[in-house]
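Examining the three-dimensional arrangement
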Number of protein chains: 2
Amino acid sequence: MSQVKPSLPKGTRDFLPQQMYRRQFVMDTLRSVFESFGYQPVETPSIEKLSVLSGKYGDEGEQLIFKVLRRGTGLEDLLKDRDDFVVKEYGELVNEALRYDLTVPFSRVVAMHQSELVLPFKRYQMQPVWRADRPQRGRYREFYQCDIDSVGTSAMLADAETIAVVYHALVKLGFEKFVIRLNNRKILNGVLENAGIQGPKGDAALLTIDKLDKIGLSGVHNELVQRGFSESQAAKILSVIEMDGSAGGILQKVEQALNPSETLREGLAETREILSFLPSLQVPAEVVKVDLCLARGLGYYTGPIFESVVEEPKIGSITGGGRYDGLVGMFLGRDIPATGTSFGIERIIDVMTQLEMFPGEEGGTQVLVLIFDASTQTDSLAFTQELRNSGVRAESFLEVAKLKKQFSYADKKGIPFVVIIGPDEAAENKVTVRDMSSGQQVTHAHDNALEFFADRFVNSET
Amino acid sequence: MSQVKPSLPKGTRDFLPQQMYRRQFVMDTLRSVFESFGYQPVETPSIEKLSVLSGKYGDEGEQLIFKVLRRGTGLEDLLKDRDDFVVKEYGELVNEALRYDLTVPFSRVVAMHQSELVLPFKRYQMQPVWRADRPQRGRYREFYQCDIDSVGTSAMLADAETIAVVYHALVKLGFEKFVIRLNNRKILNGVLENAGIQGPKGDAALLTIDKLDKIGLSGVHNELVQRGFSESQAAKILSVIEMDGSAGGILQKVEQALNPSETLREGLAETREILSFLPSLQVPAEVVKVDLCLARGLGYYTGPIFESVVEEPKIGSITGGGRYDGLVGMFLGRDIPATGTSFGIERIIDVMTQLEMFPGEEGGTQVLVLIFDASTQTDSLAFTQELRNSGVRAESFLEVAKLKKQFSYADKKGIPFVVIIGPDEAAENKVTVRDMSSGQQVTHAHDNALEFFADRFVNSET
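Residues numbered from 1 in each chain as written. Chains lettered and ligands numbered in written order. Predicted model: local features only at pLDDT ≥ 70, side-chain atom pairs only at ≥ 80, totals over all residues. Heavy atoms only, no water.

1. Quick word on the environment of Asn222(B)
All names here are of chain B. Examined against the element boundaries, Asn222 turns out to sit in helix H10 (residues 212-226). Since its relative accessible area comes to 44%, Asn222 is described here as partly exposed. Note: C-alpha distance between Asn222 and Ile180 (42 residues apart in sequence) is 28 Å. (Helix = DSSP H or I, 4+ residues; strand = E, 2+ residues; numbered from the N terminus. Buried < 20%, exposed > 50% of the residue type's maximum accessible area, 1.4 Å probe, protein only.)

2. Focus: unusual backbone geometry
Looking along the chain, the bond that leaves Leu119(A) and enters Pro120(A) is cis, with omega of -10°. One non-glycine residue, Asn429(A), lies in the positive phi region at around 55°. In this structure, Asn429(A) sits in the loop between helix H17 (423-428) and strand S15 (430-435). What makes Asn429(A) partly exposed here is its relative accessible area of 49%. Backbone geometry at Gln282(B) places phi at a positive 60°, although glycine is not the residue there. Examined against the element boundaries, Gln282(B) turns out to sit in the loop between helix H13 (262-277) and strand S8 (288-290). For Gln282(B), a relative accessible area of 35% corresponds to the partly exposed category.

3. Quick look at the pattern of salt bridges
A complete count under the given rule lists 46 salt bridges over all chains for this structure. One salt bridge in this structure joins Glu48(A) and Arg108(A), with 2.7 Å as the shortest N-O distance. Pair noted here: Glu48(A) is in strand S2 (residues 47-49) and Arg108(A) is in helix H6 (residues 103-112), with a separation of 60 residues, a long-range link. Judged by relative accessible area, which is 0%, Glu48(A) ranks as buried. With relative accessibility at 0%, the residue Arg108(A) sits in the buried group. With a shortest N-O distance of 3.0 Å, Glu346(B) and Arg23(B) are connected by a salt bridge. Residue Glu346(B) is found in helix H14 (residues 345-354), and its partner Arg23(B) is found in helix H1 (residues 17-36); the two are separated by 323 residues along the sequence. Judged by relative accessible area, which is 4%, Arg23(B) ranks as buried. By sharing partners, the salt bridges in this structure join Arg181(A), Asp213(A), Asp291(A), Arg296(A) and Glu307(A) into a single network. (Salt bridge = Lys/Arg side-chain N within 4 Å of Asp/Glu carboxyl O.)

4. Regarding the sheet that holds strand S16 (residues 441-445) of chain A
Residue and element names in this part refer to chain A. Read across the sheet, five strands follow the order S13-S12-S14-S15-S16 without closing on themselves; strand pairing throughout is mixed. Two strands lie at the open edges of the sheet, namely strand S13 (394-396) and S16, each paired on one side alone. Averaged over all pairs of adjacent strands, the angle between strand axes in this sheet comes to 25°, irrespective of strand direction. In this structure, S15 lies alongside S16, joined through five bridges in antiparallel fashion. (Pairing = 2+ DSSP bridges. Axes fitted to C-alpha atoms, helices over the stretch in contact; angles between N-to-C directions.)

5. What about the relation of the copies chain A and chain B?
When chain A is fitted to chain B, the residual RMSD is 0.0 Å, and the transformation amounts to a turn of 180° plus an axial shift of 0.0 Å. Classification of the inter-copy transformation places it as that of a two-fold axis. Using C-alpha coordinates, one finds that chain A approaches the rotation axis most closely at Val68(A), a distance of 2.3 Å. Interface overlap between copies is the fraction of interface residues in one copy that are interface residues in the other; for chain A against chain B it reaches 100%, indicating a shared surface. (Least-squares fit on C-alpha atoms with pLDDT ≥ 70 in both. Contact = heavy atoms within 4.5 Å.)

6. Some remarks on the packing of helix H12 (residues 247-257) of chain B against H13(B)
Residues and elements named next belong to chain B. Interaxial distance between H12 and H13 falls to 11 Å at its minimum, and their mutual angle equals 165°. Overall, the two elements H12 and H13 adopt an arrangement that is roughly antiparallel. As for the relative orientation of H12 and H13, their crossing is left-handed in sense. Residue-level contacts link Ala247, Leu251, Gln252, Val254 and Glu255 of H12 to Leu264, Leu268, Thr271, Arg272 and Leu275 of H13. When its residues are assigned to classes, the contact of H12 with H13 shows six nonpolar, two polar and two charged. (Parallel < 35°, antiparallel > 145°, perpendicular 65-115°, else oblique. Left-handed = near helix turned anticlockwise from the far one by under 90°. Nonpolar A, V, L, I, M, F, W, Y, C, P; charged D, E, K, R; others polar.)

7. Examining the confidence of the model for chain A
All names here are of chain A. Looking at chain A as a whole, its pLDDT mean stands at 90, while 93% of the residues score no less than 70. Of the regions scoring below 50 in pLDDT, residues 78-92 engages in 22 contacts with residues more than four places distant in sequence or in other chains. Scored as a whole, the predicted complex attains pTM 0.93, and scored at its interfaces, ipTM 0.92. (pLDDT = per-residue confidence, 0-100.)

8. Some thoughts on the interface of chain A and chain B
Chain A puts 118 residues into the contact, and the matching count from chain B is 118 residues. Roughly 10,500 Å² is buried in total at the junction of chain A and chain B, and carbon and sulfur atoms are behind 59% of that figure. The interface formed by chain A and chain B holds 10 salt bridges in total. Summed over the shared surface of chain A and chain B, the result is 34 residue pairs in polar contact (both at pLDDT 80 or more). Of all the elements, helix H1 (residues 17-36) of chain A adds the most residues to the side of chain A that touches chain B, at nine residues. The class makeup of the residues in the side of chain A that touches chain B is 56 nonpolar, 32 polar and 30 charged. (Buried area = accessible area lost by both parts, 1.4 Å probe. Polar contact = N/O pair within 3.5 Å; in protein donor to acceptor, adjacent residues only side chain to side chain.)

9. A word on the sheet that holds strand S14 (residues 417-420) of chain B
All names here are of chain B. The strand order across the open sheet built from five strands is S13-S12-S14-S15-S16, with neighbouring strands paired in mixed fashion. Sheet topology places strand S13 (394-396) and strand S16 (441-445) at the edges, where each strand pairs with a single neighbour. Here the strands of the sheet are splayed against their neighbours by 25° on average, with no regard to which way each runs. Where S14 meets strand S15 (residues 430-435), four bridges bridge the pair, whose relative direction is antiparallel. When the bridges of S15 are listed, Val419 appears paired with Val433. Against the sheet, helix H15 (residues 377-389) engages strand S12 (367-369), S13, S14 and S15, with an angle of about 170° to S13.

10. Focus on the domain arrangement of chain A
By domain assignment, chain A separates into domain 1 (17-207 + 244-354) and domain 2 (367-461). Computed from C-alpha atoms alone, the centre-to-centre distance between domain 1 of chain A and domain 2 of chain A is 48 Å. (Domains from an automatic or database assignment.)

11. Details of the nonpolar core
Formed by 63 residues in total, the largest nonpolar core has its most connected members in Leu30(B), Phe34(B), Phe175(B) and Phe343(B). It is helix H7 (residues 156-173) of chain B that provides the largest number of residues to this core, a total of 12 residues. Excluding its chain neighbours within four sequence positions, the residues that come into contact with Phe34(B) are Tyr39(B), Tyr124(B), Met126(B), Cys146(B), Ile148(B), Val165(B) and Phe343(B). By size, the runner-up hydrophobic cluster in this structure holds 59 residues, among which are Ala205(A), Ala247(A), Tyr301(A) and Tyr324(A). (Core = buried A, V, L, I, M, F, W, Y, C linked by side-chain atoms within 4.5 Å.)

Put into structure tokens, the structure is as follows:
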């Protein structure tokens with residue numbers, strides 16, 4: 001075998017067991033919440049046709065698509081006879097690429113499997129995507145995305161339910177101090193119309209408004225003026241986005257302050273409808289904050305928009321989404337109403353690690369059964385298997401080795417309990433249990449020990 | 001948005017919810033068995049350096065590695081000025097590739113993370129791999145592999161444990177009629193030595209022996225002679241591989257029939273040691289069959305080899321593995337003992353689908369709460385959320401629509417129960433439950449209905 005000093009491509013990561021347990025904990029928790037709401041799993045291939053991905057991510061995104069070489073193209077071969085290497089062949093050479101996001105592939109699924117899907121269709125998808133980006137601290141070329149979407153209904157209940165999923169998922173993950181910011185593109189458009197701003201200029205204004213959190217009211221004012229809006233336009237916008245108070249209160253203030261256009265009226269009604277559903281879905285009113293400066297980039301949003309922000313400590317948004325009625329039908333040439341949200345799972349995992357939010361027993365062996373000597377080895381193996389049968393994650397040490405080495409293995413792996421079955425224990429059908437954190441050691445009758453571990457690790461879970 | 005008629009790259013698949021539930025059921029079941037034995041999860045990036053993968057898969061494999069284009073190489077750009085397109089640049093253009101198997105990346109992990117890993121290290125890994133192959137029926141360019149391996153110990157207990165994992169995993173998946181074939185490369189080498197065959201000629205003989213199941217004893221005899229072995233050599237080999245009987249019986253026959261070399265003696269002792277551990281690990285003796293014609297290809301095996309074969313219906317092997325002490329250390333320049341097995345999960349999923357082995361409640365919504373009318377919508381939402389809180393997978397219909405449409409949704413999605421809360425039910429704090437398979441409809445008090453569903457779907461699981 002060749003002996004290369006191995007390394008990883010830049011911007012990629014190995015996940016060792018301790019990281020994997022955390023990742024699995026987050027993904028399993030999200031999955032269980034999504035499924036409790038009736039969202040169904042979908043997976044798409046890692047490789048898509050380049051024609052499916054092209055033109056969907058803007059000029060900058062296009063640059064970042066990972067392209068895949070076709071089989072046996074062997075650039076070497078082409079180079080040998082370079083006169084044959086024409087652009088036409090290039091077209092066939094690279095016509096596939098790696099998944100760049102989950103929305104475009106899902107839109108393709110909706111188009112290709114129309115007849116099999118029952119609408120409204122609620123799907124979740126958790127898969128890696130790839131970006132041929134220059135890797136930086138915290139930015140990887142391969143990372144997981146996690147999206148949930150409801151397609152095929154314009155009902156605001158779908159948006160409210162999305163918010164409820166976000167709320168219940170974050171609570172189940174252990175987040176405590178967070179708010180869900182809620183706004184509506186139609187309200188924002190109404191605000192802009194009211195200031196006499198329409199079309200592409202509106203996008204510029206939205207980008208500025210979105211920065212309120214970062215640059216403050218005066219910052220927004222200055223940037224609007226710099227972008228060519230009049231003082232009075234800037235003032236009109238500011239007078240709305242600075243509104244504060246309860247969700248209902250803000251909506252009422254907007255209604256009273258502005259000349260309500262059709263668009264604005266729709267935005268207000270949609271927001272009120274969403275708010276009306278949340279109590280039944282057990283989302284506390286104080287968690288949801290109507291925030292008129294939330295714009296969520298330019299994007300493709302057409303109605304409600306929302307994001308969740310962890311407030312303590314201040315770590316910014318960890319989920320974001322909204323309604324985007326014009327996108328999922330991209331391959332069908334017609335609009336299909338859709339709403340959903342992304343969970344920033346890589347960020348969630350990082351934050352939960354940093355804040356030490358993991359319960360600490362996400363995975364890993366719970367009991368190590370030592371091999372005292374060759375004479376009691378089968379007793380040890382048999383007890384280990386009985387533990388497994390009762391639902392405990394248990395392993396026996398694989399070798400007949402010094403006890404010190406075996407204890408050290410348990411210690412290094414963070415295995416909380418060690419079981420010792422020496423000749424005395426074997427003769428009396430007993431086992432000795434050592435609690436690795438306290439060092440306390442107790443000898444139990446065989447069946448009592450099984451019960452002790454089942455109580456400790458299995459029955460307590462339900 | 002552009003309107004391409006979308007399609008999938010050849011040899012790739014979308015997984016819709018019904019397929020996803022089956023895949024998740026298989027993967028979750030395997031994961032729980034692996035973890036119950038103390039195997040720990042590892043994941044490696046999809047993209048590896050080409051230098052890490054090169055030279056590991058033979059000439060044919062090399063051709064099938066999916067190569068990835070580096071960012072911004074833009075073959076277009078290079079073509080514009082073709083004189084600059086030299087081989088040196090090509091070297092930098094394509095220096096990454098997609099994961100081809102799980103063993104080479106795992107060997108890289110062992111080399112790169114030596115100091116963090118506690119030996120013996122038992123890991124499982126379940127991730128997609130890619131082959132730039134010509135797709136055929138049942139053969140895909142992207143598919144999951146699933147490997148478990150114990151590295152860092154030569155103890156036969158590690159091999160026995162691997163066999164126990166296979167046994168308990170297959171039982172947990174629902175397989176009934178299967179056997180685990182067990183052999184040892186050292187026994188095979190002993191048999192060949194005894195027939196006066198050594199070195200590369202031995203490989204040719206092994207490939208023929210491995211075909212016994214397909215071509216029968218006379219077929220093996222003829223092929224051996226065709227390959228240039230003498231009649232007497234062929235006869236010596238056949239006299240051993242046709243041996244039948246209990247595991248212990250076969251080993252004794254071999255010992256008596258052959259002139260036991262050091263190699264053969266080791267092979268026999270290793271096999272006996274493995275067999276001695278299996279009863280304690282609750283692997284029934286009748287499941288494990290010593291099968292002297294099992295060779296498992298040429299591969300890299302150095303000791304015990306094993307595979308599991310479903311016998312009824314005859315669908316061939318679904319797991320296979322063995323000890324390979326020379327491979328995992330490939331990046332370290334020294335041998336690291338290792339043993340393990342692959343689970344052919346794509347094949348397992350196909351077979352279980354074909355044999356209708358899935359329990360049928362792997363996933364999906366358990367209760368649909370209809371929206372009778374706008375006046376009772378929040379009652380319906382509240383009841384749905386209470387169901388979720390008690391662990392039931394429940395959804396409410398997203399729109400205020402005709403009941404017929406809502407029933408049809410439940411029907412098409414295979415949701416087993418529907419709940420109706422009309423004005424009468426709401427007034428009396430009751431709910432009506434319809435069993436969709438029997439059509440039976442019963443009105444329960446609110447709390448009794450919650451209890452009914454918890455009993456049906458949650459408490460029964462434990």
